[in-house]
Structure formats: C-alpha cells, structure tokens
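# Overview (structure and organization)
Here is what each chain is made of, one letter per residue.
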Amino acid sequence: MKVLVINPGATSTKVAVFEEEQELLKKSIVHTAQELEGFDRVIDQAELRQRAVLEAVAEGGFRLEDFDAVCGRGGLYRPIPSGTYAVSDRVMQDVEQAPYGEHPSNLGAYLARRIGNLVGIPAFFVDPVCVDEMTEVAHVSGFAEFRRLSQFHALNQKSVGRKAARQLGKSYEEARLIVCHLGGGVSVAAHDHGRVVDVFNVKDEGAMGMDRGGGLPVNQLIDYCYAGRSREEVKRTLGRRSGMLSYVGTTDFREICARVVSGDERFTAAYRALVYQLAKDIGAMAAVLHFEVDAIVYTGGMAYEQFFCDDITAYVGRLAPVLRFPGEEEMRALAEGALRVLHGEAQAERY
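Moving on to the side chain of Asp94. With respect to the helices and strands, the residue Asp94 is situated in helix H3 (residues 89-97). On the accessibility criterion, Asp94 (5% relative accessible area) is buried. The residues contacting Asp94, other than those within four sequence positions of it, are Pro99, Tyr100 and Tyr351.

Judged by side-chain polarity, Val218, Ile222 and Tyr226 come together as a nonpolar surface patch covering roughly 370 Å² of accessible area. Assignment of secondary structure puts Ile222 in helix H7 (residues 218-225). Assessed through its relative accessible area of 40%, Ile222 is described here as partly exposed.

What follows deals with the pairing of strand E10 (residues 295-300). Buried residues dominate E10, accounting for six of its six residues. Burial of the side chains of E10 extends over both faces: Ala295, Val297 and Thr299 are buried on one face and Ile296, Tyr298 and Gly300 on the other. Bridge count between strand E7 (residues 176-182) and E10: five bridges; the pairing is parallel. In the strand pairing of E10, Val179 is matched with Val297. Each parallel crossover has a hand, and for E10 linked through helix H12 (residues 306-316) to strand E11 (residues 322-326) it is right-handed.

Following the criterion strictly, the structure yields three cavities of 30 Å³ or more and no others. Put simply, the largest cavity is a space of about 70 Å³. Forming the boundary of the largest cavity are Arg73, Gly74, Val126, Asp127, Pro128, Val129, Phe152, His153, Ala154, Leu155, Asn156 and Glu330. The dominant element in the lining of the largest cavity, judged by the number of residues it contributes, is helix H6 (residues 154-167), at three residues. For the lining of the largest cavity, a count of residues per class yields six nonpolar, three polar and three charged. Its volume calculated, the second largest cavity comes out at about 40 Å³. What lines the second largest cavity is Val186, Ser187, Val188, Phe200, Glu205, Gly206, Ala207 and Asp281.

Procedures and definitions
Residues numbered from 1 in each chain as written. Predicted model: local features only at pLDDT ≥ 70, side-chain atom pairs only at ≥ 80, totals over all residues. Heavy atoms only, no water. Helix = DSSP H or I, 4+ residues; strand = E, 2+ residues; numbered from the N terminus. Buried < 20%, exposed > 50% of the residue type's maximum accessible area, 1.4 Å probe, protein only. Contact = heavy atoms within 4.5 Å. Patch = residues over 30% accessible without salt bridge, like charges linked within 9 Å, V, L, I, M, F, W, Y side chains within 5 Å. Areas by Shrake-Rupley, 256 points an atom, 1.4 Å probe, with all protein chains shown as cover. Salt bridge = Lys/Arg side-chain N within 4 Å of Asp/Glu carboxyl O. Pairing = 2+ DSSP bridges. Right-handed = clockwise from strand over helix to strand, strands pointing away. 1 Å grid on protein atoms, 1.4 Å probe; cavity = no way out; pocket = protein on both sides within 12 Å on 5 of 7 lines; lining within 4 Å. Points joined across faces, edges and corners; volume = space filled by probe spheres on them. Nonpolar A, V, L, I, M, F, W, Y, C, P; charged D, E, K, R; others polar.

Take a look at the structure:
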C-alpha cells in the first residue's frame, strides 16, 4: 500500500510518500511571506498549496494513480476522539468556514480530499490537535461559563505513546504514561490505557513555550487586556510574542541552550523557569494517574538536548522511568494511521 502524506504549516507544506513502512519521498515546500501575504484567510491558500503538492509529487517521479490513499494533517475542527477519520463533506465545510479557528493545519484534510478526488482514492486525517478524550471532571475550569478545552500535539503524542508502550513490553491500551511534547509549543498529557484523559491545553495553560505564555496570572492578565490594547494585539502578543521569547528575545532553543552552557545569567534564569514549569506539569499529570505511571516520555525537537531532559528528570525522575524519543514523526504517524485503515486493522471514524 502506498500513501501520500500532506502536512501544511505556517510557512511550509511538507509532503511525503510511504510504501508501507518505507519512506520513499520527503520534501518541505517553503512558502515565502510574499506568497502568503495576499491571502486574508487560510482557506484562500488552498489552490497555491495544492499546486505545490502536485508539483512535488510529479518531481518525485510519482503519479496520483500510484497511491492507495491520501492522508493530511488535521487542524482546528470540533472536539473528537482519537483515530483515523475519513474526510467528509462536513470536514470540508468546517475548513472553509473555520468555526473553531484559523490555522494552516486545517488545510491538511482539505487538500487530501481534493487531491484524492482527482483519481478517486480515499482521503483521511489522523489525530488532529482537537482530539478530546478528557474525562468530564478534567473539563471543569473553576468558572461555570468556561470549559477547559483539549488542544495539544495529539498526532505526535499518540504516536510516541504507542512507541513508548512497545518499549515497555505493553500495548498502548495497557500503559499509563505522561507524554511531554517539547517543541515550539509544549504540551504535557496523561495517557491512561489508550486515552489522553487530561492535558494542559497548549494555547491556554501549563508551562510556557518558546513564544506562548502558558498559564498566566489572571488578575495581571485582566489589567493587561484593559490597558488600551485591542483584542487582536493581546492575542498576538500572548500567542506569538510571549514565553521564552519575551524573556530572552529568541525562540531558537539551540541558542538558548548554548547561552546557558556559556553561563549567561539572563538565559539561565529563563531556562530554569521553563524546566521548573514543565516539572510542575508532569507532577500534576502524575496526580491525575494516581501516581501509577509506567513511564514519563519526552518527545519533540527540544528533547534532542539531553541535559535539558536531565534537568527536568532531576525534579520528576522518582515518579517513573524516563524514555526519550527526540523529534517528531508526524509524517510517519499520518501514514501509519491511514495504513491501519487500509489494512483493515481499524475502521475509519466518521466526523
């Protein structure tokens, strides 16, 4: 079975071809700011990105007729359980109207369906950021009009959770894990027998990331919002200009680590705060699992820094064994999700 995989990001569209487990093609198509600045909405970029994907496929020596399915990254859709989903008309409508928010990843499923339709092959998406398997008590926020939301790096978290369980000699459905996605955005989640029962929403809560503030002091936040700033300015600042960037002026974690090693006091103070906050998040998820944890798992690009992981482990290492799977395997995870359906190992879920 051969699968075409599409993963749209803010400034790129990643394309891959898998034949079963073997990756035959991997390409990242860069979209310049000049290319994208003329589009008011994400959906307006669909034609541009589709042409780029088709060109990449042709340049790689493949025809659309070669593929058994197309699988795209899922985006900000309605809350759904984990799984591989067929791209339905409802999905296409939600991407076009974006009732749950605008993000380039919304286009993954959309492009998969459009390209699949060209040759009559199925289109799927797998474990989008909106996967919600949280328990009802975990949704309670502390104010009756607010409900905690589940938005996190579900695709990589689930894939790494399965890999960690295999290393432990268990199935994913048997394991109790705390998975920490350590990238530009960070998310820490409790995986309980195949379900993510609680997670620090990457957009609202928990530790700061490279450019996101995480959980912020409520009263200071209220004062900040009412100090003559527009809604758009506040969301842009707290969503893209806060976190480590606000403390050290960069989102390059390699540079941050290098400055820590060199003894830079400002960088070291911010770095220690990041480690401290992540350790607190892990501790909270351990409580969710009643401190019965098979492993703490580090993944994402920041997990390549061994001493960073060691510093977190210095806080939480007594809770459970620690496993490290640096980087992200989103393209492979998408292909594997599609292949599970193509091989009859799982049913395609309905959105």
